[in-house]
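Coordinate analysis (summary)
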Amino acid sequence: MTSTGWGYLDSTFKKLIPPIAKHAWPFTQDSLAKVEFSSGLSNSYLLKSNGKLIDLKYKKLGFPSEGLIAAKYKNKWGYVNFNGDIIIPFQYKMAYDFHDGIAMVEYNNRIGYINKSSEWVIQPILRYGTNSQNGFILSQRVIGNWVFFSKSGTQLTEKTYLNAKPFEKIMD
């Protein structure tokens, strides 16, 4: 970052983007980075590793993840591919990045999880949730009652926990 904003360099320190971005994030596994500028019709863009900017024409974007990106259109969130084609319609109050093939979404003021075909893996009945990590989801139905789910939507714990954190690393 410089006094004029964020920029990107390649591995040889050649400028990909001059330091003019309002916000800049690291490249994802999809070899794309989210970058925001403070002016223009849309202010969220994707940056390819070759320095080319992709304008998906949406003011708000999530992060590139598993071939899709959450995008906001007319106060609703949905998912588009990296060409801007609508893959999952704009119908959610909030949409988060895909992890392990599923994404957490807010629908009718509840949290649920969908797959890339827009099918419910876990119906929107939860109050809070976390993104899938290592195939596990941690969510609350009632405040203070955390339960674990598999990425296929099966509840893994009968007991609820007053406090819990997602799995970060699975030990053998």
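Coordinates for the structure precede this section.
Reference entry: report on the structure contained in this document. For every chain, the first residue of the written sequence is number 1, and numbering continues from 1 along that sequence. A pLDDT threshold of at least 70 governs which residues receive local features in this predicted model, and a stricter bar of 80 or more applies before side-chain atom pairs are shown or counted, although totals over entire chains, interfaces and linings include all residues. The basis for the side-chain values is all heavy atoms of the structure; hydrogens and waters are excluded.

Considerations on the pairing of strand S14 (residues 120–126)
Pairing of strand S13 (residues 110–115) with S14 involves three bridges; the strand directions are antiparallel. Paired with Ile111 across the two strands is Leu126, which belongs to S14. Strands are labelled as partners when DSSP assigns at least two bridges between them. A run of H or I in DSSP becomes a helix once it reaches four residues, and a run of E becomes a strand once it reaches two; helices and strands are each numbered from the N terminus. A loop of four residues connects S13 with S14, the two strands running antiparallel in sequence, and Ser118 in this loop sits at a positive phi of about 70°.

What about the packing of aromatic side chains?
Here a Phe, Tyr or Trp ring, Trp counted by its six-membered ring, pairs with any other such ring whose centre lies within 6.5 Å, and the pair is stacked when the planes are under 30 degrees apart, edge-to-face when over 60, and tilted otherwise. Tallied over the entire structure, the rule returns ten aromatic pairs. Relative to Tyr73, the ring of Tyr58 lies with its centre 6.4 Å away and its plane at 90°, an arrangement referred to as edge-to-face. In this pair, Tyr58 sits in the loop between strand S6 (53–54) and strand S7 (60–61) while Tyr73 sits in strand S8 (residues 69–73), placing the two residues 15 residues apart along the sequence. Only protein chains enter the accessibility calculation, which uses a 1.4 Å probe; a residue whose area is less than 20% of its type maximum is buried, one above 50% is exposed, and one in between is partly exposed. Under the relative-accessibility criterion, Tyr58 is labelled buried at 10%. Ring geometry for Tyr92 and Trp120: centres 6.2 Å apart, planes at 90°, overall edge-to-face. Highlighted residues: Tyr92 in strand S10 (residues 86–92) and Trp120 in strand S14, separated in sequence by 28 residues. Of the residues examined, Tyr92 reaches a relative accessible area of 1% and is grouped as buried. In this structure an aromatic cluster arises from ring pairing among Tyr58, Tyr73 and Phe90. A positively charged side chain is recorded as over a ring if its NZ (Lys) or CZ (Arg) lies within 6 Å of the ring centre. The angle to the ring normal must also be within 35 degrees. We note Lys34 situated over the ring of Trp25; from NZ or CZ to the ring centre the distance is 4.7 Å. We note Lys116 situated over the ring of Phe98; from NZ or CZ to the ring centre the distance is 5.9 Å.

In short, the description is geometric, and any link to function would need to be established separately.
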